[in-house]
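Tertiary structure, described
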Amino acid sequence: MEIHNGRPENTEGRLSREVRVYDFLDELGIEYQRVDHEPAMTMEACEAVDVALGTTMCKNLFLCNRQKTAFYLLLMPGDKKFKTKELSSQINSARLSFAEAEDMLKYLDIEPGAVSVMGLMNDKGHDVRLLVDEDVKAGEYIGCHPCVNTSSLKIKTEDIFGKFLAAVGHEAEIVHLVGED
């Protein structure tokens with residue numbers, strides 16, 4: 001995998017949702033590194049991306065309550081196990097589960113396997129609460145997809161929590177996840 005600084009020179013053949021991410025990051029003056037790769041649908045598939053970018057890809061989970069009246073985007077380290085009970089108690093929401101693919105598309109303009117903090121730029125109604133594990137927040141960089149799973153980005157954490165979240169009108173709620181049995 002070859003590392004590139006910034007957007008692709010030629011965006012022909014790329015989905016508009018991906019190009020909009022590059023346009024938005026460039027507009028905000030956020031620098032990033034990018035690698036293009038085969039579809040990475042799982043954290044295991046992201047391991048080669050981790051090595052290429054020199055950072056760990058975030059595990060991004062799109063969750064909802066049982067009634068589907070509350071939606072959450074959880075960013076956590078890729079090597080931590082997700083324990084529903086552990087998160088539920090911190091956000092006062094019982095019965096969390098994975099949201100449906102159509103909800104991902106509706107709220108974040110993202111499909112399964114490409115969930116990313118970048119999708120918040122598409123959440124115009126601010127219907128999704130951003131939850132971030134404290135270990136992700138403490139890292140120097142965040143690895144994420146640009147709303148597609150055939151490219152990955154390395155962005156400074158301070159740019160995500162500063163410029164990006166301010167521009168999309170979202171605030172992060174920091175959570176403490178142990179992920180152990």
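Check the entry above for the structure.
In this convention, every chain numbers its residues from 1, walking through the sequence in written order. In view of the model being predicted, local features appear only for residues whose pLDDT reaches at least 70, and side-chain atom pairs are presented and counted only at 80 or more, with totals across whole chains, interfaces and linings using the full set of residues. In computing side-chain values, all of the structure's heavy atoms are included and hydrogens and water are not.

**What about the sheet that holds strand β5 (residues 97-98)?**
If you walk across this open sheet you meet the five strands as β5-β3-β4-β6-β9, and the pairing is mixed. Both outer strands of the open sheet, β5 and β9 (172-175), are each paired with one neighbouring strand and no more. When strand β4 (residues 71-77) meets strand β6 (residues 128-133), the two strands line up parallel, connected through five bridges. When the sheet's bridge partners are listed, L75 is paired in β6 with V132. Sheet contacts for helix α4 (residues 101-108): β3 (58-64), β4 and β6; angle to β3, the most-contacted strand, approximately 100°. DSSP calls a pair of strands paired once it identifies at least 2 bridges connecting them. Under the DSSP-based scheme used, a helix requires at least four consecutive residues in state H or I and a strand at least two consecutive residues in state E, with every element numbered from the N terminus. Whether two residues are in contact is decided by their heavy atoms, any of which lying within 4.5 Å being enough. Helix axes are fitted to C-alpha atoms over the stretch in contact, other axes to C-alpha atoms as well, and angles between N-to-C directions run from 0 to 180 degrees.

**Some thoughts on the pairing of strand β8 (residues 151-156)**
Categorising residues by exposure relies on relative accessible area from a 1.4 Å probe, with only protein chains included: less than 20% of the type maximum marks a residue as buried, more than 50% marks it as exposed, and the intermediate range marks it as partly exposed. Of all the six residues making up β8, five are buried; the element is thus mostly covered by neighbouring parts of the structure. With five bridges connecting them, strand β2 (residues 32-36) and β8 associate as antiparallel partners. Its bridge partner being in β8, Q33 is matched across the sheet by K154. One ladder, built from four bridges, connects strand β7 (residues 141-144) with β8; its direction is antiparallel. Its bridge partner being in β8, Y141 is matched across the sheet by K156. Here β7 folds back onto β8 in antiparallel fashion, the turn holding six residues, of which C147 has a positive phi close to 70°.

This is a description of form; function is not addressed.
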